[in-house]
Amino acid sequence: MKIAIGSDHAGFRYKEAIKQMLIDLGHDVIDKGTYAETPSVDYPLFIRPVAEAVAAGDVERGVVLGGSGNGEAIAANRVRGVRCGLCWNEESARLCRQHNDANVISLGERMMSEETALNLVRIWLDTPFEGGRHLARIQELDTY
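Cut-off values and rules
Residues numbered from 1 in each chain as written. Predicted model: local features only at pLDDT ≥ 70, side-chain atom pairs only at ≥ 80, totals over all residues. Heavy atoms only, no water. 1 Å grid on protein atoms, 1.4 Å probe; cavity = no way out; pocket = protein on both sides within 12 Å on 5 of 7 lines; lining within 4 Å. Points joined across faces, edges and corners; volume = space filled by probe spheres on them. Nonpolar A, V, L, I, M, F, W, Y, C, P; charged D, E, K, R; others polar. Phe/Tyr/Trp six-rings, centres within 6.5 Å; stacked < 30°, edge-to-face > 60°. Lys NZ or Arg CZ within 6 Å of the ring centre and 35° of its normal. Pairing = 2+ DSSP bridges. Helix = DSSP H or I, 4+ residues; strand = E, 2+ residues; numbered from the N terminus. Axes fitted to C-alpha atoms, helices over the stretch in contact; angles between N-to-C directions. Contact = heavy atoms within 4.5 Å. Salt bridge = Lys/Arg side-chain N within 4 Å of Asp/Glu carboxyl O. Expected span 1.5 Å × (residues − 1). Buried < 20%, exposed > 50% of the residue type's maximum accessible area, 1.4 Å probe, protein only.

1. Examining the layout of surface pockets
Roughly 160 Å³ of internal volume is contained in the largest pocket. Forming the boundary of the largest pocket are N77, R78, V79, R80, G81, V82, R83, L141, D142 and Y144. Residue composition of the lining of the largest pocket, grouped by class: 4 nonpolar, 2 polar and 4 charged.

Right, here's the structure in full:
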């Protein structure tokens with residue numbers, strides 16, 4: 001799978017760990033930055049390119065990170081065609097794929113351990129969209 005990844009300075013360490021895990025799993029990873037923990041940067045500059053790559057079909061999925069993941073999810077969801085889920089535990093990662101067909105996941109480095117973040121990305125990657133009753137809801141979202 002081709003996956004774009006991006007973070008601000010507060011999500012940089014986990015971005016690097018997740019990027020390496022994705023590469024080790026055989027995925028093609030496109031890093032949209034940031035490329036260092038310092039200096040402090042504005043997250044929209046690195047999250048929007050991930051979301052745009054997903055929306056354009058240049059990549060199949062996107063991973064965005066920050067301190068809490070909240071601003072990153074908001075930034076990604078501003079791009080039409082992106083369904084970004086902010087995840088904090090296994091159930092949230094599973095459900096954002098099963099019910100929402102989330103094509104981007106947002107994580108907060110200050111909210112969880114690195115081990116948890118890696119696990120959530122694996123769950124999100126491996127969980128299929130259920131379709132069914134959820135498909136109509138996804139289609140409704142796409143009309144806005």
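That shown, we press on.
2. Some words on the packing of aromatic side chains
The final tally for this structure, using the stated rule, is 0 aromatic pairs. Geometry around W124 places R61 over its ring, the cationic atom sitting 4.8 Å from the centre.

3. Focus on the sheet that holds strand β2 (residues 28–31)
Read across the open sheet, the 5 strands follow the order β2-β1-β3-β5-β4; overall the sheet is parallel. The sheet terminates laterally at β2 and β4 (84–86), the two strands that pair on one side only. Mean inter-strand twist for the sheet, computed between neighbouring axes without regard to direction, equals 20°. As judged from the 4 bridges shared by strand β1 (residues 2–7) and β2, these two strands associate in the parallel manner. Bridge pairing in β2 links A4 to I30. The strands touched by helix α3 (residues 70–77) within the sheet are β3 (61–66), β4 and β5 (104–108), with β4 carrying the most contacts at an inclination of about 165°. Those strands touched by helix α5 (residues 114–126) are β1, β3 and β5, and its axis lies near 165° from that of β5.

4. Brief notes about the pattern of salt bridges
Should the charged atoms of two oppositely charged side chains come close, the side chains can pair. Applying the stated rule across the entire model yields 9 salt bridges. Look at the salt bridges and you will find they share partners, linking K15, E16, K19 and D31 into a network.

5. Here we look at helix α1 (residues 12–24)
With 13 residues, α1 ought to run about 18 Å at 1.5 Å a step, and its terminal C-alpha atoms sit 18 Å apart, in line with that. Buried residues of α1: F12, Y14, K15, A17, I18, K19, M21 and L22, and no others. Among the structural elements, β1, β2, β3, β5 and α5 are those in contact with the buried residues of α1. Just beyond α1, the residue with positive phi is G26, at close to 95°.

6. What to know about the side chain of S106
Here S106 shows up in strand β5. A relative accessible area of 0% places S106 in the buried class. If we skip the residues at most four places from it in the chain, S106 touches V64, G69, E72, A73, C84, G85, L86 and C87.

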